[in-house]
Amino acid sequence: MRRADVDDGECSTFVSILKSNKTLELIDMSHNLIGQMETLNAVKPDFKTGGEAYAELLEHPACCLTSLNISWNSVRLEGAEKLGRSLGKNSSLTHLDVSYNSIGRTGAMNLGLGMLDNKTLQSLNVASNGIDYAGFFTLVVPLRDHPNLERFCLDGNPIGSQGAHLLLDLPLCNPRLGFSALSCDVNRKTTDMTFDRKSPNGFYDIDLNMPFGIAFVMDLLHVVAGLSNMEVHLMELSNGREKHTVKLHKISH
């Protein structure tokens, strides 16, 4: 169904039928109009975009899809978020191509959240999606321990200088995983919360209800595990809402 002029409504109708299909394994719906009607959700909450429809399909217990290509569409906003999270409940998909969409920061964060529980994906392509450092960070941290992922493409995303440094650590953690980062903007600096990987002692306020917070703690523990002179304390504070503070300090010898 490549270049078939498929919009969100048509995609939703088509995908809903696939929930009862037991044989179709590969779908190529690239170069279509999926996601262009995403803003309708603000005035019509019941309207289902193509991204949301595919999320429901991937979460369906009888899903047999192994390869999904929805590159060169306009998947974004809530559709991108739901699609990303759905990977955590899917056990059939091995190849996913969402390149040249607009999933952005929040879409990448939710994709990272889904990858925490995903065990089957072998190839992931998120090239040219406007993914900044925070989105990339939340996505890449779970990939260190993924048991089957072999190919990861993030070409053309503004991951920043901190993202480039994070990439250097990826082959050491997961030698099986090959990645491509062609034409990524690695010059910009981020204002998002980071820490000194050589000396991470300090206080960090973390929201563990958010994907970025989960990834931040995972990365922090990963770094501290390689240091023999650090202690970690996790404290829960309540100021009208759930909040967590991580305290790291050096052990005196």
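In case you missed it, the structure is sitting above this.
The following paragraphs examine the structure supplied in this document. What you are looking at is a predicted structure, and each value in this text was computed from that prediction instead of being measured.

### Here we look at the overall build of the protein
Each helix and strand in the protein was counted, giving seven helices and nine strands. A globule of 253 residues ought to have a C-alpha radius of gyration of about 18 Å, and the protein, at 19 Å, matches this closely. Here the C-alpha coordinates of the protein stretch approximately 65 × 45 × 35 Å along the principal axes. Out of the 253 residues in the protein, the part that is buried amounts to 48%.

### Observations concerning the packing of aromatic side chains
Enumeration over the complete set of coordinates arrives at eight aromatic pairs. When the centroid spacing of 4.0 Å and the interplanar angle of 5° are considered together, the rings of tryptophan 72 and tyrosine 100 count as stacked. Note that tryptophan 72 is positioned in the loop between strand S2 (67-69) and helix H3 (77-86) and tyrosine 100 in the loop between strand S3 (95-97) and helix H4 (104-115), a separation of 28 residues in sequence. Residue tyrosine 100 is classed as partly exposed on the basis of its relative accessible area of 35%. Centroid distance tyrosine 133 to phenylalanine 137: 5.8 Å. Interplanar angle 35°. Geometry classified as tilted.

### With respect to the sheet that holds strand S6 (residues 178-180)
Across the sheet, which stays open at both edges, the six strands sit in the order S1-S2-S3-S4-S5-S6 with parallel pairing between neighbours. The strands lining the two open edges of the sheet, one partner per strand, are strand S1 (26-28) and S6. With strand direction ignored, the average angle separating the axes of adjacent strands in the sheet is 5°. Summarising the sheet, strand S4 (residues 123-125) and strand S5 (residues 151-153) pair through three bridges and their orientation is parallel. Directly across from serine 123, in S5, lies its bridge partner arginine 151.

### Concerning the environment of glycine 104
Note that glycine 104 resides in helix H4. Taking the C-alpha atoms as reference, glycine 104 lies 29 Å from isoleucine 17; in sequence the two are 87 residues apart. Residue contacts for glycine 104: discarding those within four places in its chain leaves Asn129, Gly130 and Ile131.

### Details of the layout of surface pockets
Volume-wise, the largest pocket comes out at about 150 Å³. Of all the secondary structure elements, the ones that give two or more residues to the lining of the largest pocket are helix H5 (133-143) and helix H6 (160-173). Broken down by element, the lining of the largest pocket gets its largest block of residues, four residues, from H6.

### Some words on unusual backbone geometry
Even without being glycine, aspartate 5 reaches a positive phi, approximately 60°. Within the fold, aspartate 5 resides in the segment before helix H1 (8-17). For leucine 77, which is not glycine, the phi torsion reads 50° and is therefore positive. On the secondary structure map, leucine 77 appears in helix H3.

### A word on the nonpolar core
Across soluble globular proteins, nonpolar side chains have a tendency to be buried as a group. Among the nonpolar cores identified, the biggest contains 57 residues, and Tyr54, Ile70, Leu124, Val126, Phe136 and Phe152 are the most heavily contacted of them. Here this core gets eight residues from one element, more than from any other, and that element is H5. Among all residues touching isoleucine 70, those that are not within four sequence positions of it are Met29, Ser30, Ile34, Tyr54, Val75, Leu83, Asp97, Val98 and Asn101.

### Digging into the packing of H4 against H5
At a minimum axis separation of 7 Å, H4 and H5 run at an interaxial angle of 15°. Here H4 lies roughly parallel to H5, going by the angle between them. The element H4 and its partner H5 pack so that their crossing is left-handed. Residues Arg105, Ala108, Met109, Leu111, Gly112 and Met115 of H4 form the contact with H5, whose participating residues are Ala134, Gly135, Thr138, Leu139, Pro142 and Leu143. Here the contact of H4 with H5 is built from residues that sort into eight nonpolar, three polar and one charged.

Quick notes on the rules
- Along each chain, the written sequence defines residue order, and numbers are assigned to residues from 1.
- Local features in a predicted model are, by the rule used here, given only for residues with pLDDT of at least 70; side-chain atom pairs are given and counted only at 80 or more, and totals for whole chains, interfaces and linings are based on all residues.
- Water and hydrogen atoms were dropped before computing side-chain values, which therefore reflect all heavy atoms in the structure.
- Helix numbering and strand numbering both begin at the N terminus, where a helix is a DSSP run of H or I of at least 4 residues and a strand a DSSP run of E of at least 2.
- All radius of gyration figures rest on C-alpha atoms, and the globule criterion is 2.2 Å times the number of residues raised to 0.38.
- Residue burial is assigned from relative accessible area. The probe radius is 1.4 Å, only protein chains are included, and a residue is buried under 20% of its type maximum, exposed over 50%, and partly exposed in between.
- When two rings of Phe, Tyr or Trp (its six-membered ring) have centres within 6.5 Å they constitute a pair, described as stacked for plane angles under 30 degrees, edge-to-face for angles over 60, and tilted for the intermediate range.
- Any two strands with at least two DSSP bridges between them are considered paired.
- Angular values range over 0 to 180 degrees, each being the angle between N-to-C directions of two axes fitted as lines to C-alpha atoms, with helices fitted over their stretch in contact.
- Contacts are residue-level and defined by heavy atoms, with any inter-residue pair within 4.5 Å sufficient.
- As defined here, a cavity is a set of points on a 1 Å grid over the protein atoms alone where a 1.4 Å probe fits but cannot get out. A pocket is an open set with protein on both sides within 12 Å along at least five of seven lines, and residues line them when an atom is within 4 Å of a point.
- Grid points are joined across faces, edges and corners, and a volume is the space filled by probe spheres set on the points.
- Definition of nonpolar core: a set of buried residues of the types Ala, Val, Leu, Ile, Met, Phe, Trp, Tyr and Cys, connected through side-chain atoms within 4.5 Å.
- In this scheme, roughly parallel covers angles under 35 degrees and roughly antiparallel covers those over 145, while 65 to 115 is roughly perpendicular and the rest are oblique.
- The crossing is said to be left-handed when, going from far helix to near helix, the turn is anticlockwise and less than a right angle, and right-handed when the turn is clockwise.
- Throughout, the ten residues Ala, Val, Leu, Ile, Met, Phe, Trp, Tyr, Cys and Pro are labelled nonpolar, Asp, Glu, Lys and Arg are labelled charged, and all others, Gly among them, are labelled polar.

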